[in-house]
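Coordinates in review
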Amino acid sequence: MKITLFSSKPYDQQFFEEANTSFNNEIVFQEVALNENTAAMATGAKAICVFVNDQVNANVLQHLQGIGVQLVALRCAGYNNVDLKKAAACGIKIVRVPAYSPYAVAEHTIALILTLNRKTHRAYNRVKEGNFSLQGLLGFDLHGKTVGLIGLGEIGKVTAKILVGMGCKVQAYDPYITQESGVAGVTFIDLDTLYEGSDIISLHCPLTPETHHIINAESIAKMKKGVMLINTSRGATLETKAVIKALKTGKIKYLGLDVYEEEAELFFEDLSDKVIQDDVFMRLLSFNNVLITGHQAFFTAEAMKNIATTTLQNIHDFEQGQRLQNELLPT
Ligand SMILES: NC(=O)c1ccc[n+]([C@@H]2O[C@H](COP(=O)([O-])OP(=O)(O)OC[C@H]3O[C@@H](n4cnc5c(N)ncnc54)[C@H](O)[C@@H]3O)[C@@H](O)[C@H]2O)c1
């Protein structure tokens, strides 16, 4: 089958070409992101493959329908960028990769926590310059600290297990699962109790209307002074301006982000010789207690391999008229 793969990077091409040796599709790798202006590049393809910041909104879906695209295969788990109702109305099926490596994202979450706490990023630079002073590098024992996880799905559970292993007291808020299906050693609590009692709060829920700006001025006000906040889920779960205010007062003492509300304009590109126009993002970068990675939590060899194989299997199942076990349907 002919597939147009949008937002392609060299690493996508590498892993998809390797996986495609078992599927024999014709894959056209397009560097551009999918939007209303670029949808026509899929002409002639029955399926397209997209990533987190490609726009699969109503207008784009209308275009895709017009040029005969029948399947949109997401090479990611989150699908907040897709208008599922419109896709169904256009007769376009949507599939995704629900779980490719929860370990990749959970381990990156822990990397953010440990780096912010022990300031290894700053220590690395100091030592490189022959500065062996410890002033400003004071951390805390993670052992015994209370960590609140918002969302206890695939990634939240792996994160919880690692943290329990490190001797943390782990509490979770997830209104859609039961204590029994949780993780040994993790207590289920309501959101306000989580805000009030956690030394570290980490987000592992999807972006939905319910979780949009779930971290805002009101929720921050309920948190402990000096809290560490980590977000590897989706950028818009945080109201960034409220978070900046709280960083300025010291209410939030550490912030670790792998995602950002307006990341579509920035992430995955080399902008090092450009002037970045996003003042809110630049303000975040100016804090020495904020650590930002550019949506790389998923990026391990194991995850990339699973993403490519599952995506091509999803497309194969569609082509063969088989049941689409990873299909997304409107609610
Ligand atoms: N940074 C990255 O590279 C990266 C990679 C993969 C996934 N993600 C993000 O991580 C999110 C979680 O991934 P996952 O594989 O664990 O998904 P999942 O579907 O297995 O788990 C999500 C959990 O969140 C819970 N949830 C839903 N609404 C909630 C709410 N209002 N409050 C609290 N919990 C709620 C669900 O019940 C579920 O248990 C994804 O939706 C995606 O946005 C980020």
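None of the values given here were measured: they were computed from a predicted structure.

Observations regarding the domain arrangement of the chain
Domain boundaries assigned for the chain yield domain 1 (2-100 + 300-319) and domain 2 (102-292). Between the C-alpha centres of domain 1 and domain 2 the distance comes to 30 Å. The partner domain 2 presents nine residues to the eight residues of domain 1 that form the contact. In terms of residue class, the side of domain 1 that touches domain 2 is built from two nonpolar, four polar and two charged.

Here's the deal with the UniProt feature "domain: D-isomer specific 2-hydroxyacid dehydrogenase catalytic" (unreviewed entry) in the chain
Under the feature "domain: D-isomer specific 2-hydroxyacid dehydrogenase catalytic" (unreviewed entry), the UniProt entry names residues 5-327. The span residues 5-327 carries 35% helix and 15% strand; its end-to-end C-alpha distance comes to 18 Å.

Considerations on the site of the ligand
If you check the shell around the ligand, you find 32 residues, and the closest are Gly 78, Gly 151, Gly 153, Tyr 176 and Pro 206. Contributions of two or more residues to the shell around the ligand are made by helix H4 (102-118) and helix H6 (154-165). Top element by residues in the shell around the ligand is H6. It accounts for three residues. Within the shell around the ligand, the residues separate by chemical class into 17 nonpolar, ten polar and five charged. Residue contributions to the shell around the ligand reach at least three from each of two domains, namely domain 1 (2-100 + 300-319) and domain 2 (102-292).

A word on the sheet that holds strand S1 (residues 2-5)
Within the open sheet, the five strands sit side by side as S2-S1-S3-S4-S5. Their pairing is parallel. The two strands at the open ends of the sheet, each matched to only one other strand, are strand S2 (26-29) and strand S5 (93-95). Neighbour-to-neighbour, the strand axes of the sheet open up by a mean angle of 20°, direction not taken into account. By the bridge criterion, four bridges tie strand S3 (residues 47-50) to strand S4 (residues 71-74) in an arrangement that is parallel. Directly across from Ile 48, in S4, lies its bridge partner Val 72. Of the strands in this sheet, S1, S3, S4 and S5 touch helix H11 (residues 301-319), which is tilted by about 160° from S4.

Cut-offs applied
- Residues numbered from 1 in each chain as written.
- Predicted model: local features only at pLDDT ≥ 70, side-chain atom pairs only at ≥ 80, totals over all residues.
- Domains from an automatic or database assignment.
- Contact = placed C-beta atoms within 7 Å.
- Nonpolar A, V, L, I, M, F, W, Y, C, P; charged D, E, K, R; others polar.
- UniProt positions renumbered as here; feature names shortened; annotations may be inferred.
- Helix = DSSP H or I, 4+ residues; strand = E, 2+ residues; numbered from the N terminus.
- Near = placed C-beta within 6 Å.
- Pairing = 2+ DSSP bridges.
- Axes fitted to C-alpha atoms, helices over the stretch in contact; angles between N-to-C directions.

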